[in-house]
Amino acid sequence: AEKSYDALPILVIDLDVHQGNGTADIFEGHHSVFTFSVHGANNYPWKTRRKSDLDVDVPDNTTDPEYLAVLQKELPPLFEKVKPKLVIFQAGVDGLKED
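Residues numbered from 1 in each chain as written. Predicted model: local features only at pLDDT ≥ 70, side-chain atom pairs only at ≥ 80, totals over all residues. Heavy atoms only, no water.

Regarding its fold elements, the protein chain presents two helices and four strands. Classification of the 99 residues of the protein chain by burial places 33% in the buried group. Summing over all exposed atoms, the protein chain offers an accessible surface of approximately 6,500 Å²; the carbon and sulfur share of this is 56%. (Helix = DSSP H or I, 4+ residues; strand = E, 2+ residues; numbered from the N terminus. Buried < 20%, exposed > 50% of the residue type's maximum accessible area, 1.4 Å probe, protein only. Areas by Shrake-Rupley, 256 points an atom, 1.4 Å probe, with all protein chains shown as cover.)

See below:
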């Protein structure tokens, strides 16, 4: 998409209990791709984390309303800043407390 479809800029939204280190690593240095990760503050060793363009740590036992408040705070200005033509949403499968 980055080269073939004139879909720049790209916004990758990574919502998972783990920090999106793979996504951040893949797109490091790609200024046309903005990586945004919301993840548990204590769920990943710091030595393996990579820096996303925007990382938001949430505390253990974050409730659904608290999590949604983070998204409501961060997403509108992010869309205004990046003005993406393509959004890739990586929805983690382990974001529930019961998982």
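Right, let's get into the environment of Ala-41. For Ala-41, the position within the fold is in the loop between strand E2 (33–40) and strand E3 (54–58). Residue class for Ala-41 comes out buried when judged on its relative accessible area of 19%. Sequence spacing of Ala-41 and Pro-59 is 18 residues, and the spatial spacing of their C-alpha atoms is 5.5 Å. Among all residues touching Ala-41, those that are not within four sequence positions of it are Arg-49, Asp-57 and Val-58. (Contact = heavy atoms within 4.5 Å.)

Glancing now at the pattern of salt bridges. Counting across every chain of the model gives two salt bridges. Note that Lys-83 and Glu-80 form a salt bridge whose closest N and O atoms lie 2.8 Å from each other. Its relative accessible area of 52% is what places Glu-80 among the exposed residues. (Salt bridge = Lys/Arg side-chain N within 4 Å of Asp/Glu carboxyl O.)

Strand order in the open sheet formed by four strands is E3-E2-E1-E4, with parallel pairing between adjacent strands. For this open sheet the edge positions go to E3 and strand E4 (86–91), each flanked by a neighbour on one side alone. The mean angle between the axes of side-by-side strands here comes to 10°, regardless of whether they run parallel or antiparallel. Pairing geometry for strand E1 (residues 10–15) and E2, over six bridges, is parallel. Note that in E2 the partner of Leu-15 across the bridge is Val-38. Those strands touched by helix H2 (residues 64–82) are E1, E2, E3 and E4, and its axis lies near 170° from that of E2. (Pairing = 2+ DSSP bridges. Axes fitted to C-alpha atoms, helices over the stretch in contact; angles between N-to-C directions.)

A few words now on H2. Across its 19 residues, H2 extends 26 Å between first and last C-alpha, which sits within 8% of the 27 Å expected from 1.5 Å per residue. The largest bend along H2 measures about 25° and falls at Glu-74, with the proline Pro-76 one to four residues further on. Listed in full, the buried residues belonging to H2 are Val-70, Leu-71, Glu-74, Leu-75, Leu-78 and Val-82. The inward-facing, buried residues of H2 abut E1, E2 and E3. Positive phi shows up at Lys-83, right after H2, with a value of about 50°. (Expected span 1.5 Å × (residues − 1). Bend = angle between axes of the 7 residues up to and from the residue.)

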